[in-house]
Amino acid sequence: MSDVAFSDLANALRALSMDAVERATCGHPGMPMGMADVATVLWTRFLKHDPAHPAWPDRDRFVLSAGHGSMLLYSLLHLTGYEKVSLDQLKAFRQLGSLTAGHPEVDVDAGIETTTGPLGQGISNAVGMALAERLLASRFGDALVDHYTYVIASDGDLMEGISHESCALAGHLGLGKLIVLYDDNGISIDGSTDLAFTEDTGRRFDSYGWQVLLCNGHDSEAITACITEAQGDTARPTLVRCKTTIGYGAPTKAGSAKSHGAPLGAEEIAGARQALNWPHAPFEIPEAIARAWRQAGRRAADAYARWNDRYAGTETVVRDAFDETLDGTVPEPALNALEALKTEWADAGPKLATRQSSGKVLDAIKPGIPTLIGGSADLTGSNNTKTAVSTFVTRDDFTGRYINYGVREHGMAAIMNGIALHRGIIPYAGTFLTFSDYSRPAIRLAALMGLRVIHVMTHDSIGLGEDGPTHQPVEHLSALRAIPNLNVFRPADAIETAEAWELALDSDTSPSVLALTRQGLAAQRRASGENLSAKGAYILAEAEAGHAVTLLATGSEVEIAVAARAILETEGVGTRVVSMPCWRLFDRQDAGYRAAVLGDRPRIGIEAAVRHGWDRYLGESGAFIGMEGFGASGPYAALYEHFGITPAAVVSAARALL
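None of these values were measured; they are calculated from a predicted model. (Residues numbered from 1 in each chain as written. Predicted model: local features only at pLDDT ≥ 70, side-chain atom pairs only at ≥ 80, totals over all residues. Heavy atoms only, no water.)

**Student:** Would you mind going over the environment of Ala 548 with me for this structure?
**Tutor:** Position of Ala 548 relative to the elements: it lies in strand β17 (residues 547-553). It is 9.7 Å that separates the C-alpha atoms of Ala 548 and Gly 599, two residues lying 51 residues apart in sequence. For Ala 548, the residues in contact, after removing those within four places along its chain, are Val 573, Gly 574, Arg 601, Pro 602 and Leu 658. (Helix = DSSP H or I, 4+ residues; strand = E, 2+ residues; numbered from the N terminus. Contact = heavy atoms within 4.5 Å.)

**Student:** Is there a simple way to explain the sheet that holds strand β16 (residues 538-541) in this structure?
**Tutor:** Each strand in a sheet pairs with its neighbour through backbone hydrogen bonds, running either in the same direction (parallel) or in the opposite one (antiparallel). Judged by pairing direction, the sheet is mixed, and its five strands sit side by side in the order β16-β18-β17-β19-β20 without closing on themselves. With one partner strand each, in any of the chains shown, β16 and β20 (623-626) form the two edges of the open sheet. Sheet twist, expressed as the average angle between the axes of neighbouring strands with direction ignored, equals 30 degrees. As paired strands, β17 and strand β18 (residues 574-579) are joined by six bridges and run parallel to one another. From the neighbouring strand, Val 549 faces β18, where its bridge partner is Thr 575. (Pairing = 2+ DSSP bridges. Axes fitted to C-alpha atoms, helices over the stretch in contact; angles between N-to-C directions.)

**Student:** Can you walk me through the side chain of Asn 531 in this structure?
**Tutor:** Within the secondary structure, Asn 531 sits in the loop between β15 (520-521) and β16. At 3.4 Å, the side chain of Asn 531 and the backbone oxygen of Glu 499 are in polar contact. Among the polar contacts made by the side chain of Asn 531, one reaches the side chain of Glu 502 at a distance of 3.1 Å. (Polar contact = N/O pair within 3.5 Å; in protein donor to acceptor, adjacent residues only side chain to side chain.)

**Student:** Just to check I follow, could you spell out the pattern of salt bridges for this structure?
**Tutor:** Where charged atoms from two side chains of opposite charge approach closely, those side chains can pair. According to the stated counting rule, one finds 28 salt bridges in the structure shown. Here Arg 204 makes a salt bridge to Glu 199, at a shortest N to O gap of 2.9 Å. Classification of Arg 204 as buried rests on a relative accessible area of 10%. One salt bridge connects Arg 291 with Glu 287, and the closest N-O pair in it is separated by 3.6 Å. Remark: Glu 287 and Arg 291 occur in helix α12 (residues 287-297); sequence separation between them is four residues, near one turn of the helix. Note on Arg 291: relative accessible area 43%, which makes it partly exposed. (Salt bridge = Lys/Arg side-chain N within 4 Å of Asp/Glu carboxyl O. Buried < 20%, exposed > 50% of the residue type's maximum accessible area, 1.4 Å probe, protein only.)

**Student:** What is the right way to read a negative patch on the surface from this model?
**Tutor:** A grouping of Asp 320, Asp 323, Glu 324, Asp 327, Asp 506 and Asp 508 is seen on the molecular surface, where their side chains present a negatively charged patch. With four residues, the single largest contributor to the negative patch is helix α14 (residues 316-327). (Patch = residues over 30% accessible without salt bridge, like charges linked within 9 Å, V, L, I, M, F, W, Y side chains within 5 Å. Areas by Shrake-Rupley, 256 points an atom, 1.4 Å probe, with all protein chains shown as cover. Lys, Arg positive; Asp, Glu negative; His and termini not counted. Charge placed at Lys NZ, Arg CZ, Asp CG, Glu CD.)

**Student:** Quick question: what am I supposed to make of the sheet that holds strand β3 (residues 178-184) here?
**Tutor:** Reading across the sheet, the five strands line up as β1-β2-β3-β7-β6 and stay open at both edges, with parallel pairing between neighbours. Looking at which strands have only one partner, the edges of the open sheet turn out to be β1 (61-64) and β6 (211-216). Neighbour-to-neighbour, the strand axes of this sheet turn through a mean angle of 20 degrees, independent of strand direction. Two elements, strand β2 (residues 149-153) and β3, share five bridges in a ladder whose sense is parallel. Residue pairing in the sheet places Ile 152 in a bridge with Leu 181 of β3.

**Student:** Looking at this structure, I do not really get the nonpolar core. What am I missing?
**Tutor:** General note: in soluble globular proteins, nonpolar side chains tend to be found buried as a group. The biggest cluster of nonpolar side chains holds 61 residues, and the ones touching the most others in it are Trp 43, Leu 181 and Trp 293. Here the element with the most residues in this core is helix α1 (residues 6-24); it accounts for ten residues. If sequence neighbours within four positions are ignored, Trp 43 has contacts with His 49, Phe 62, Leu 73, Leu 76, Leu 77, Thr 80, Tyr 82, Trp 293, Ala 296 and Arg 299. Within the second largest apolar cluster, 58 residues are counted, among which are Ala 137, Tyr 208, Ile 415 and Val 453. (Core = buried A, V, L, I, M, F, W, Y, C linked by side-chain atoms within 4.5 Å.)

**Student:** Just to check I follow, could you spell out the pairing of strand β9 (residues 372-376) for this structure?
**Tutor:** Where a strand is regular, its side chains alternate between the two sheet faces. Of all five residues that make up β9, five are buried, and the element is covered over most of its length. The alternating pattern of β9 places Leu 372, Gly 374 and Ser 376 and Ile 373 and Gly 375 on opposite faces, both of which are buried. Examined bridge by bridge, β9 and strand β11 (residues 426-432) share three bridges and lie parallel to one another. Note that in β11 the partner of Leu 372 across the bridge is Ile 426. As paired strands, β9 and strand β10 (residues 402-404) are joined by three bridges and run parallel to one another. Note that in β10 the partner of Gly 374 across the bridge is Tyr 402.

**Student:** Got a minute to help me understand the packing of helix α15 (residues 332-348) against helix α21 (residues 494-506) in this structure?
**Tutor:** Packed helix pairs are specified by the crossing angle of their axes together with the interaxial distance, meaning the distance between the axes. Where α15 meets α21, the axes come as close as 9 Å, and the angle between the chain directions of the two elements is 165 degrees. When the interaxial angle is binned, α15 and α21 end up roughly antiparallel. Crossing of α15 over α21 shows left-handed handedness. Taken together, the residues of α21 that come into contact with α15 (itself represented by Leu 338, Lys 342, Trp 345 and Ala 346) are Ala 494, Ile 495, Ala 498, Glu 499 and Glu 502. Here the contact of α15 with α21 is composed, by residue class, of six nonpolar, no polar and three charged. (Parallel < 35°, antiparallel > 145°, perpendicular 65-115°, else oblique. Left-handed = near helix turned anticlockwise from the far one by under 90°. Nonpolar A, V, L, I, M, F, W, Y, C, P; charged D, E, K, R; others polar.)

**Student:** Help me understand the packing of helix α16 (residues 354-365) against α21 in this model?
**Tutor:** Two numbers describe how α16 lies on α21: the axes approach to 9 Å, and their chain directions differ by 55 degrees. Considered as vectors, α16 and α21 are oriented oblique to each other. For α16 against α21, the interelement crossing comes out right-handed. Residues Thr 354, Ser 357, Ser 358, Val 361, Leu 362 and Ile 365 of α16 form the contact with α21, whose own contacting residues are Ala 494, Thr 497, Ala 498, Trp 501 and Leu 505. Each residue belonging to the contact of α16 with α21 can be placed in one class, and the counts come to seven nonpolar, four polar and no charged.

**Student:** Just checking my understanding: could you explain the packing of aromatic side chains for this structure?
**Tutor:** Each pair of aromatic rings is reported with the distance of its centres and the angle of its planes. Under the definition given, this model contains 22 aromatic pairs. With 6.3 Å between their ring centres and 70 degrees between their planes, Phe 586 and Tyr 593 make a pair best called edge-to-face. Among the aromatic residues, those joined into a ring-pair cluster are Trp 56, Phe 140, Tyr 304, Trp 307, Tyr 311 and Phe 322. The ring of Phe 392 is capped by Lys 386, whose NZ or CZ atom sits 5.1 Å from the centre of that ring. (Phe/Tyr/Trp six-rings, centres within 6.5 Å; stacked < 30°, edge-to-face > 60°. Lys NZ or Arg CZ within 6 Å of the ring centre and 35° of its normal.)

**Student:** Quick question: what am I supposed to make of the state of the cysteines here?
**Tutor:** Linking two cysteines covalently via their sulfur atoms produces the bond known as a disulfide. Within this structure, the stated rule accounts for zero disulfides. Left without a disulfide partner, Cys 215 is nearest to the cysteine sulfur of Cys 242, which lies 4.0 Å away. With no disulfide of its own, Cys 226 lies 4.4 Å from the sulfur of Cys 215, the closest cysteine sulfur. (Disulfide = S-S within 2.5 Å.)

**Student:** Looking at this structure, I do not really get helix α19 (residues 436-449). What am I missing?
**Tutor:** One turn of the α-helix equals 3.6 residues, which is why residues spaced by three or four share an orientation. Over its 14 residues, α19 extends 18 Å from the first C-alpha to the last, a length consistent with the 20 Å expected when each residue adds 1.5 Å. Along its length, α19 shows its largest kink, about 35 degrees, at Ala 442. Within α19, the full set of buried residues consists of Ser 436, Ser 439, Ala 442, Ile 443, Leu 445, Ala 446, Ala 447 and Met 449. On its buried side, α19 packs onto α6 (121-140), α18 (409-422), β11, β12 (454-458) and α20 (476-481). Following α19 by one or two positions, Gly 450 adopts a phi angle in the positive range, close to 70 degrees. (Expected span 1.5 Å × (residues − 1). Bend = angle between axes of the 7 residues up to and from the residue.)

**Student:** Is there a simple way to explain unusual backbone geometry in this structure?
**Tutor:** Note on backbone geometry: most residues besides glycine have negative phi, and most peptide bonds are trans. For Asn 277, which is not a glycine, the phi torsion comes out positive at approximately 55 degrees. By the secondary structure assignment, Asn 277 is in the loop between α11 (266-275) and α12. Residues other than glycine seldom take positive phi values, yet Asn 384 does so here, at roughly 55 degrees. Take Asn 384: it is sitting in the loop between α17 (380-383) and β10.

**Student:** Got a minute to help me understand the pairing of β12 in this structure?
**Tutor:** The buried fraction of β12 amounts to five of the five residues, a majority that puts the element mostly inside the structure. Residue alternation in β12 divides its side chains into two sets, Ile 454, Val 456 and Thr 458 and His 455 and Met 457, and both sets are buried. Of the pairings in the sheet, the one linking β11 to β12 comprises five bridges and is parallel in character. What sits directly across from Thr 431, in β12, is Met 457.

If you want it as structure tokens, here you go:
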């Protein structure tokens, strides 16, 4: 690349970005133009990647946390040779069906490592990726796993509260292969960051245990020196404060909010071309510059070949384990252990809180799934998420299989997304269901990206008792069920809990939430075998007299439905009980199965939560027994009586319907 000036390489990024935004008539040209020099240094001198092998397990990860500047990423991918990111794709920026969406959407084959845009999520994903790298390196060694995670982050990323959560944990764990390049341009959408963001970011990150460096973001040698120094500190993650000018090169809009989130306009672009000495037509990249960028894209081809040689020379049993780890398949011995546990429970019929049942499932399967790494938001004993084989992950020992996330639910959820995106680990972690509100933005992105992330959310209703309405979720099940591609399981007993875990582990394109009880639940299923929860809902108990009414229930309220059925049957009212552990899976069954389960008799829904969402199953004449508002503090049995979620209330509702 010696025959091409560095400025020409960087200006190619600026030109493609401003041209694509202009063509789309919307977008964010300022960040790509301001960070073009930093990105050029990183991608031409440091980043280990191979466009010919985009899924190379030991590639460096690059996360554009400032996802609004997506044209910077698309331009880099196109110029370095990712086939999927063609010039036509750049011209189709922000158009329906194009790869080049307004904000990046994960596509590893195209070089896009994660979906970003909601600020703070990308940098938190990157913490998960860096953590996954260390976890896998501790198991397979540096010969197979030895790479960096780089981030371009914005002021907005660091304003978001989630960045505090995830970056504090990164410092605590000493994730020295995480390098964040902070676009410190002093501009937000509303104007100067002085309007709302005046903290000392450097001292903040220093307090987290990060190395903090400062450079002129338009000086290639200064940028190079900082990244080199960052790589030299393996004990601490690094924040590089890159002082940049947003919209660099734009004659009147550079350094102002006017270049942040709107096209520059034809006149401003003409002035930028002149200022940058870029006389080329829109989307035109001179051959010498294009060739230099392609050469940069091939820079790590030798590193890939050497890694492949090391991989081929690895002992067969280790190589096979490495392949199985990346493949993500759940080993057969673990599934056998789960089946044995179900058989044991079918015989014994234990009365257990489903959080306890979940803990026992983990005890059974975790020894057989080395890739299953757990954690909790400081609620380990309550969530039952730690097993005997789970030692803690620490900054000095990454061989552990349990992460202490601290009280950082949002950060925890986004870090788990990053762990899953990295591949090689199945992450799960626990908190209370009411705190899913803190986790929700990251759960939504996991569903959007199709990630296998498992959230163990206990204390799932008024059944948690004395902690009161602040901790008693009533609207949360409905809110989570509204997220597309999210499996929300609310099991009724130990066997359904085991089935939920089996399905969550098998759902490699969907995240899962396991909503689990604090209170003990009687066994409802006394047979193992087929995973009935896989259908989402099934007939647990059929009417003995002529079928007159159907009771639909989830979780802890299934036993209420069963008790009500016993009363109604003695009165000659034929009553069917349907357990509905996962609505989404039920909705995916064929119409015939759904109709057969629901039947054509009056229906009553029973759930210690709000009614929202139930009417599609209850029909116009159906009734609902549940919560109409917030809970209260008191023993759980008294609360169920107080709020009228009882067998007697169900019986009365059935009589009224009939």
